[in-house]
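Structural description and commentary
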Amino acid sequence: AAKVDTLLIKSPSMNKDVKVVVVTPDVALGKKALACPVLYLLHGYGGNAKTWIGIKPNLPQIADEKGMIFVCPDGKNSWYWDSPLNPSYRYETFISSELVKYIDEHYKTIADRKGRAITGLSMGGHGALWLAIRHQDVFGAAGSTSGGLDNRPFPDNWDMKEQIGAKDAGVCDWDDYTVINQTGKLKDGALWIIFDCGYDDFFFEVNQAFHQKLLERGVMHDFIVRPGAHTGEYWSNSIDYQILFFLKFFRASH
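Residues numbered from 1 in each chain as written. Predicted model: local features only at pLDDT ≥ 70, side-chain atom pairs only at ≥ 80, totals over all residues. Heavy atoms only, no water.

With respect to the packing of aromatic side chains
Our working definition: Here a Phe, Tyr or Trp ring, Trp counted by its six-membered ring, pairs with any other such ring whose centre lies within 6.5 Å, and the pair is stacked when the planes are under 30 degrees apart, edge-to-face when over 60, and tilted otherwise. Note on conventions: DSSP H or I runs of at least 4 residues are helices, E runs of at least 2 residues are strands, and numbering of each starts at the N terminus. Buried, partly exposed and exposed residues are distinguished by accessible area as a fraction of the type maximum, computed with a 1.4 Å probe on protein chains only: under 20%, between the cut-offs, and over 50%, respectively. Put simply, a charge is over a ring when the Lys NZ or the Arg CZ is close to the ring centre, within 6 Å, and near the line of the ring normal, within 35 degrees.
Here the structure, examined in full by the defined rule, presents 18 aromatic pairs. Taken together, a centroid distance of 5.3 Å and an interplanar angle of 55° make the contact between Trp158 and Phe203 tilted. Of this pair, Trp158 sits in the loop between β6 (141-145) and α5 (160-164) while Phe203 sits in the loop between β7 (192-198) and α6 (204-217), and the two are 45 residues apart along the sequence. Residue Phe203 is classed as buried on the basis of its relative accessible area of 1%. Three or more aromatic residues joined by ring pairs make a cluster, and in this case those are Trp79, Trp81, Trp130, Phe154, Trp158, Tyr177, Phe202 and Phe203. Note that Lys16 overlies the ring of Tyr89, its terminal NZ or CZ placed 4.8 Å from the centroid.

Right, dumping it as structure tokens:
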């Protein structure tokens, strides 16, 4: 049966320990362990390292069935940026570099972008696409479910100004800190992308806008809309489809 570890992993850039839940399938354990692909799962605002296993208690069974390792880091309310204001919030560096290095050193992984994908919900959907687009050498596939893919319409929400300053304060240009404006870094086919959003979600419009932007740039992607709102029930269903998409990517890459 799959093994669930709750770890404290040292972040040199933030000079602190970060809690991370790792779900390892049976086939990646023991003497005859096989190298498995890894899916990084990012939580939303107000969440933590245990959010995903709470939403999807059968993650260990899925890990065993699919031969996939799941890694769920605690990203605080960081939006997964390296905050220019707060040196103890360097979650872009931590996840795309320090965490990946640690996981590859301590688990039987396919230590290559071909064996690495990342997705997340809400703030974590923003985080997953932010990290993957900016670190295409690290991640080969990325997703988002109900993601805040353009944070600019919501300047006073979810502690974003704690990380990058108020929108008009001139600390940072908010245009530089949103996923939708990272699309210029994408070439068609370079990164496998899947994202979805429920019709009743307050992020529905920004997801449609992101889809349009990718279409304009000729970047192939899967965009799924279905009934639902910004809820655990929605994400629990959505992640099943994303896992199938990432499995397809892992198989295509070998």
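What follows continues from the structure just given.
Side note on the state of the cysteines
Just so we agree on the cut-off: The disulfide definition used here is simple: a pair of cysteine sulfur atoms within 2.5 Å.
For the structure on display, the rule yields zero disulfides. No disulfide involves Cys72; its sulfur sits 16 Å from that of Cys36, the nearest cysteine. You can call Cys72 buried: its relative accessible area is 2%.

Quick notes on the pairing of β6
Filter applied, for reference: One bridge is not enough; two strands pair if DSSP finds at least two bridges between them. By convention, a crossover is right-handed whenever its connection, traced from the first strand over the helix to the second and viewed with the strands pointing away, goes clockwise.
For β6, the buried fraction is high: five of the five residues fall into the buried class. Relative to β6, strand β5 (residues 116-120) runs parallel, the two being bridged by two bridges. Its bridge partner being in β6, Ala117 is matched across the sheet by Ala141. Each parallel crossover has a hand, and the one from β5 via helix α4 (residues 123-134) to β6 is right-handed.

Thoughts on the pattern of salt bridges
Let me state the cut-off plainly: Any carboxyl oxygen of Asp or Glu within 4 Å of a side-chain nitrogen of Lys or Arg constitutes a salt bridge here.
Per the stated rule, a full pass over the model turns up eleven salt bridges. With its nearest N and O atoms 3.0 Å apart, the salt bridge here joins Arg134 to Glu92. Placement of Arg134 in helix α4 and of Glu92 in helix α3 (residues 91-106) is noted, with a sequence separation of 42 residues between them. Residue Glu92 is classed as buried on the basis of its relative accessible area of 7%. Note that Lys101 is salt-bridged to Glu105, the shortest N-O span being 3.2 Å. Residue Lys101 and its partner Glu105 are both found in helix α3; the two are separated by four residues, about one turn of the helix. Assigned by exposure class, Lys101 and Glu105 land together as exposed. Within the structure, one salt-bridge network assembled from shared partners comprises Asp150, Arg152 and Asp175.

Take it as geometry only, folks, not as evidence of what the structure does.
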